[in-house]
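Summary of the model geometry
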Amino acid sequence: MECVRCGSGWAVRSHVVGALCGRCREEAPRCGGEADAARWLRATTIPLPGSYWVFRGEEEFAAQHGRPPLDWVRTTAVDEGAVRARYAGLLRTALAEVAARLGEGALIPSTIAVLIAGVERELAVRHRVLLSEDSALSADARFRRSLT
Ligand SMILES: [Zn+2]
């Protein structure tokens, strides 16, 4: 059964909104009523199966690195479409390998962000792009920036 939120095929009917996978059950509201649960589902569902957790991993990557994955592609002479297609393929393979090794539930945003970083490094090396060191991007630095 597919998860009504992320499209994962590992879902069980266990929530007021319908079948959820383990990761989505962990994030589902545990208080409030059906309307609150329905609002959460509408606001956080990505209607492309298999995309939800990659999107969350990319958000996590951006939080850790201070930039979205592959932002360097636009400033180089490489074919952006080809690099993005290669990125998607390499990431899909990495996600499948880790899910097979650690289990579907291991693919949480922080894990996916690490895989994205690895795929990005591989592509940067392939295209002879030197990725800059991440600047001060700790949670503390981000918090201080949010106050200004
Ligand atoms: Zn799910």
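All values reported here derive from a predicted model rather than from experimental measurement. (Residues numbered from 1 in each chain as written. Predicted model: local features only at pLDDT ≥ 70, side-chain atom pairs only at ≥ 80, totals over all residues. Heavy atoms only, no water.)

Examining the overall build of the protein
Here is the rule we go by: Only DSSP runs of H or I with at least four residues qualify as helices, and only runs of E with at least two residues qualify as strands; both kinds are numbered from the N terminus onward. Here's how the labels work: a residue is buried when its accessible area is under 20% of the maximum for its type, exposed when over 50%, partly exposed in between, all with a 1.4 Å probe on protein chains only.
Secondary structure summary: the protein contains 6 helices and 2 strands in total. Ordering the α and β elements of the protein from the N terminus gives β-β-α-α-α-α-α-α. Viewed in the frame of its principal axes, the protein has a C-alpha envelope of about 50 × 40 × 25 Å. Within the protein, the proportion of its 148 residues that are buried is 36%.

Regarding the nonpolar core
Defined as follows: What is meant by a nonpolar core is a set of buried Ala, Val, Leu, Ile, Met, Phe, Trp, Tyr and Cys residues, joined one to another through side-chain atoms within 4.5 Å. Start and end positions for the domains come from either an automated domain assignment or a database one. Between two residues, a contact is recorded if the distance between any of their heavy atoms is within 4.5 Å.
With 38 residues, the main nonpolar core has Trp72, Leu91 and Leu123 as its most contacted residues. Mapped by element, the contributors of at least two residues to this core are β2 (18-20), α2 (34-44), α3 (52-65), α4 (80-102) and α5 (109-126). Here this core spans two domains, and each of domain 1 (1-49) and domain 2 (52-147) adds at least three residues to it. Look past the residues within four positions of Leu123 in its chain and what remains in contact with it is Leu70, Trp72, Val83, Arg86, Tyr87 and Leu90.

Remarks on the domain arrangement of the protein
Threshold: Buried area is a sum: the accessible area each of two parts loses on coming together, probed at 1.4 Å, counted once for each and added. Whenever Lys or Arg places a side-chain nitrogen within 4 Å of a carboxyl oxygen from Asp or Glu, that contact is recorded as a salt bridge. Here a polar contact is taken to be a pair of N or O atoms separated by no more than 3.5 Å, where protein atoms must pair a possible hydrogen donor with a possible acceptor and residues adjacent in sequence count only if both atoms sit in side chains. In the scheme used here, Gly and all other residues not listed as nonpolar or charged are polar, with Ala, Val, Leu, Ile, Met, Phe, Trp, Tyr, Cys and Pro taken as nonpolar and Asp, Glu, Lys and Arg as charged.
Under the domain assignment, the protein is made up of domain 1 (1-49) and domain 2 (52-147). Once you take the C-alpha centre of each, domain 1 and domain 2 turn out to be 25 Å apart. Taken together, the contacts link 11 residues of domain 1 with 8 residues of domain 2. Here domain 1 and domain 2 share an interface that buries about 850 Å² over both sides, 58% of which is from carbon and sulfur atoms. Joining domain 1 to domain 2, the criterion identifies 1 salt bridge. For Glu27, the salt bridge is made with Arg56, and the minimal N-O distance between the two is 2.7 Å. Taken together, the links from domain 1 to domain 2 amount to 3 residue pairs in polar contact (both at pLDDT 80 or more). Counting residues per element, the side of domain 1 that touches domain 2 draws most heavily on helix α1 (residues 22-27), which supplies 3 residues. In terms of residue class, the side of domain 1 that touches domain 2 is made up of 6 nonpolar, 2 polar and 3 charged.

Notes on the packing of α3 against α5
Rules: Angles here are taken between N-to-C directions and fall from 0 to 180 degrees, while the axes themselves are lines fitted to C-alpha atoms, restricted in helices to the stretch in contact. In what follows, roughly perpendicular refers to angles from 65 to 115 degrees, roughly parallel to angles under 35, roughly antiparallel to angles over 145, and oblique to any angle outside these ranges.
Here α3 crosses α5 at 75°, and the two axes come no closer than 7 Å. Viewed along their axes, α3 and α5 adopt a mutual orientation that is roughly perpendicular. Contacts between α3 and α5 pair Trp53, Val54, Arg56, Gly57, Glu58, Glu60, Phe61, Gln64 and His65 from the former with Pro109, Ser110, Ile112, Ala113, Ile116, Ala117 and Glu120 from the latter. Class assignment of the residues belonging to the contact of α3 with α5 gives a composition of 8 nonpolar, 4 polar and 4 charged.

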